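# Inside the fold
One-letter residues, chain by chain:
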Amino acid sequence: MMDPANPTPLPWLAPTVARALAMPHAHALLLHGAGGDGLFECATTIARAWLCEAGGGGARPCGHCGACRQLAAGLHPDLHLLMPEELRHQLGLASADAGEGGDGDGGPKGKRKPSRQIRIDDVRAAIDWVATTSSRGRAKVVLVHPSEAMNLQSANALLKTLEEPPRGARLLLTAAEPSRLLPTVRSRCQVVRLVPPDAATARAWLQAQGLTQPEVLLAACSQRPLDALAMAAAGIDAARWAALPAAVLARQAAAMAGWTVPRVVEALQKLCHDALAVAGGGAPRFFPAQALPVPASAAALAAWSRDLARLARQADHPWHEGLWLDAQLARAAAAWRGEGGEGSDTLAA
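Since the structure is predicted, the reported quantities are computational estimates derived from the model, not experimental observations.

### Thoughts on the nonpolar core
- Grouped together as the largest cluster of nonpolar side chains are 73 residues, with contacts concentrated most on L31, W241, L244, M256 and W304.
- Looking at which element gives the most residues to this core, the answer is helix α12 (residues 261-279), with nine residues.
- The contact partners of L244, leaving out residues within four places of it in the chain, are A255, M256, W259, A267 and F287.
- If you look at the next biggest cluster of nonpolar residues, it comprises 23 residues, including V123, A155, L159 and L162.

### Points about the pairing of strand β4 (residues 169-175)
- Counting buried positions along β4 yields seven of seven residues, so the element is predominantly enclosed.
- A two-sided burial pattern is seen for β4, the buried positions comprising A169, L171, L173 and A175 on one face and R170, L172 and T174 on the other.
- One crossover worth recording links strand β3 (residues 140-144) to the parallel β4 by way of helix α6 (residues 152-163), and it is right-handed.

### Let's talk about the packing of α12 against helix α14 (residues 321-336)
- With their axes 12 Å apart at the nearest point, α12 and α14 run at an angle of 0 degrees to one another. Classified by the angle their axes make, α12 and α14 are roughly parallel. Packed against α12, whose contacting residues are V261, V264, V265, L268, L271 and A275, the element α14 presents E321, W324, L325, Q328 and W336 at the interface.

### Here's the deal with the pattern of salt bridges
- Considering all chains together, one arrives at twelve salt bridges under this definition.
- Here R188 makes a salt bridge to E163, at a shortest N to O gap of 3.0 Å. In this pair, R188 is assigned in the loop between α7 (183-186) and β5 (190-193) and E163 in helix α6, connecting sequence segments 25 residues apart.
- Judged by relative accessible area, R188 falls into the partly exposed class, the value being 24%.
- Between R310 and D307 there is a salt bridge whose closest N-O contact spans 2.1 Å. Pair noted here: R310 and D307 are both in helix α13 (residues 298-313), with a separation of three residues, about one helical turn.
- We classify R310 as partly exposed; its relative accessible area is 30%.
- Members of the salt-bridge network, linked through shared partners, are E85, R119 and D122.

Conventions we followed
Residues numbered from 1 in each chain as written. Predicted model: local features only at pLDDT ≥ 70, side-chain atom pairs only at ≥ 80, totals over all residues. Heavy atoms only, no water. Core = buried A, V, L, I, M, F, W, Y, C linked by side-chain atoms within 4.5 Å. Buried < 20%, exposed > 50% of the residue type's maximum accessible area, 1.4 Å probe, protein only. Helix = DSSP H or I, 4+ residues; strand = E, 2+ residues; numbered from the N terminus. Contact = heavy atoms within 4.5 Å. Right-handed = clockwise from strand over helix to strand, strands pointing away. Axes fitted to C-alpha atoms, helices over the stretch in contact; angles between N-to-C directions. Parallel < 35°, antiparallel > 145°, perpendicular 65-115°, else oblique. Salt bridge = Lys/Arg side-chain N within 4 Å of Asp/Glu carboxyl O.

Everything listed here is a matter of coordinates, which is why it stays silent on function.
Given below as structure tokens:
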């Protein structure tokens with residue numbers, strides 16, 4: 001939760017927030033950017049600015065008015081967060097919060113797995129909520145994050161409200177990939193692009209968070225500082241990341257101990273990308289150049305890349321993780337040596 005005295009903790013968000021606030025008559029905004037650049041934090045700041053009650057021409061959100069204090073406590077009655085249940089759990093948000101429009105589902109969910117989608121019932125509840133009178137009299141804000149999580153039925157249910165919202169209502173949608181949204185959703189929104197930080201700003205911010213050699217983790221995360229910070233919080237520092245190629249090729253499973261299957265697949269895809277770049281005489285993108293031995297065959301790496309793409313689509317499969325990881329490390333080492341080998345799906349079995 002953001003500090004109410006510091007409502008914009010990521011310094012590079014300010015220009016994007018200012019651009020959004022310069023559209024006072026826009027009732028539906030689509031904020032486009034990467035999560036690792038602060039997409040949700042930027043959207044939250046815009047929503048807070050819309051609800052801020054500071055007088056005069058001062059900066060918004062002010063962080064000090066009654067509305068800002070309620071927002072900081074997660075208790076503002078005129079903000080409704082519309083997001084998948086699984087993401088709510090990851091962010092530590094309750095599934096039924098009266099301060100966010102009370103999207104309760106009428107009872108306990110039991111053992112049902114949290115949804116990764118924004119369901120049509122949730123959208124309908126938000127539509128009913130936004131049609132009611134504002135509690136504090138300033139506005140009612142629905143924040144949809146990420147909007148790509150809406151399925152076809154959910155997105156269609158939101159169209160009329162996007163086009164003709166109730167008086168005083170504002171809708172803010174976030175998207176890392178707007179092309180995945182229905183064209184009818186995109187056409188009803190004004191688009192604001194999240195400006196990512198430049199390399200120097202991102203590096204300085206990460207250093208202020210206590211990271212050493214932040215440029216290594218920034219490269220590992222495509223220059224997205226929040227993703228780099230999350231890597232460090234997960235125990236993957238610059239030294240561990242730089243040592244990963246050698247550990248993979250030596251089939252040292254301990255180097256990825258405790259990693260989830262999606263995280264392992266993502267790391268191997270980045271390693272494969274850089275191996276292909278080196279094999280073609282180019283520069284690596286995700287790992288330090290000195291950490292990468294020269295691979296024997298681009299063709300074998302290309303086959304490995306296709307295997308990894310298939311694995312990424314099967315990340316939710318209930319693998320035996322120890323055997324699965326051993327198989328992936330064996331596949332990586334074989335590909336680096338120029339051996340075609342069997343596909344990862346066979347090795348994973």
